[in-house]
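Read off the chains here:
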Amino acid sequence: MDDIAEDVCAEQETLLPGGNKGGGIAATSIDAPDFAMLQSTLMEASKGVTEGTDNEYKRLMNLCLSFLIGIHLLGPDKDFFIKKPRPDSPWLIVAWIMNA
């Protein structure tokens with residue numbers, strides 16, 4: 001878990017202006033207009049997704065969720081893939097990807 005936290009902090013330093021001075025996962029969120037535009041783009045891009053692709057997306061979502069719960073970054077009673085993403089969603093997904 002320490003390796004993952006270090007990797008996330010190192011990535012944050014490259015992404016955030018001025019680095020991550022707090023040392024934890026950033027608590028910034030996507031502005032509403034930006035999120036609406038992102039959601040619209042994703043909805044347009046996902047038109048015509050085959051059943052197999054949809055099943056693969058769901059499989060990956062379940063793997064991510066199991067990972068986050070397994071290393072206690074997310075409680076078992078918490079929702080992660082929801083309409084309004086958590087502010088720390090990008091960092092949690094980065095942690096999952098970097099662990100793969």
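Further up the page is the structure itself.
Residues numbered from 1 in each chain as written. Predicted model: local features only at pLDDT ≥ 70, side-chain atom pairs only at ≥ 80, totals over all residues. Heavy atoms only, no water.

Considering helix α3 (residues 51-70)
Stated formally: Runs of E in the DSSP output that reach at least two residues are strands. Runs of H or I that reach at least four are helices, and both are numbered from the N terminus. One fewer than the residue count of a helix, multiplied by 1.5 Å, yields its expected span. Each residue is assigned to one of three classes by its accessible area relative to the maximum for its type, calculated with a 1.4 Å probe on protein chains only: buried under 20%, partly exposed between the two thresholds, exposed over 50%. Here the arc refers to the directions that run from the helix axis out to each C-beta atom.
An ideal rise of 1.5 Å per residue puts 28 Å on 20 residues; α3 measures up with 28 Å between its terminal C-alpha atoms. The set of residues buried in α3 consists of C64, F67 and L68. Looking straight down α3, one finds that the buried residues subtend no more than 95° of arc, so they occupy a single side. In α3, the exposed positions that point more than 90 degrees away from the buried face belong to E51, S66 and G70. Remark: H72 follows α3 within two positions and exhibits a positive phi of approximately 65°.

Description of the pattern of salt bridges
We count it as follows: We define a salt bridge as a side-chain nitrogen of Lys or Arg found within 4 Å of a carboxyl oxygen belonging to Asp or Glu.
Summed over the entire model, instances satisfying the criterion amount to three salt bridges. R59 is the partner of E56 in a salt bridge, and the nearest nitrogen-oxygen pair spans 2.7 Å. Within this pair, E56 and its partner R59 are both found in helix α3, separated by three residues, close to a single helical turn. Here E56 falls in the partly exposed class, since its relative accessible area comes to 34%. Salt-bridge contacts for R86 lead to D88; the nearest nitrogen and oxygen are separated by 3.0 Å. Judged by relative accessible area, which is 24%, R86 ranks as partly exposed.

Regarding the side chain of D88
The condition that has to hold: The definition of a polar contact used here is a pair of N or O atoms within 3.5 Å, where within protein one atom must be able to donate a hydrogen and the other to accept one, and adjacent residues in sequence count solely through side-chain atom pairs.
Assignment of secondary structure puts D88 in the loop between α3 and α4 (89-99). Within the local environment of D88, its side chain forms a polar contact with the side chain of R86, the two groups lying 3.0 Å apart.

Some remarks on the packing of aromatic side chains
Any two aromatic rings considered together are summarised by their centre-to-centre distance and by the angle between their planes. Worth spelling out the cut-off: Planes of paired rings set the category: under 30 degrees apart is stacked, over 60 is edge-to-face and the rest tilted, where pairs are Phe, Tyr or Trp rings (Trp by its six-membered ring) whose centres lie within 6.5 Å.
Under the criterion given, the structure shown has one aromatic pair. Note on F80 and F81: the rings are 4.8 Å apart at their centroids and 80° apart in plane angle, and the pair reads as edge-to-face. Overall, F80 belongs to the buried group, its relative accessible area being 5%.

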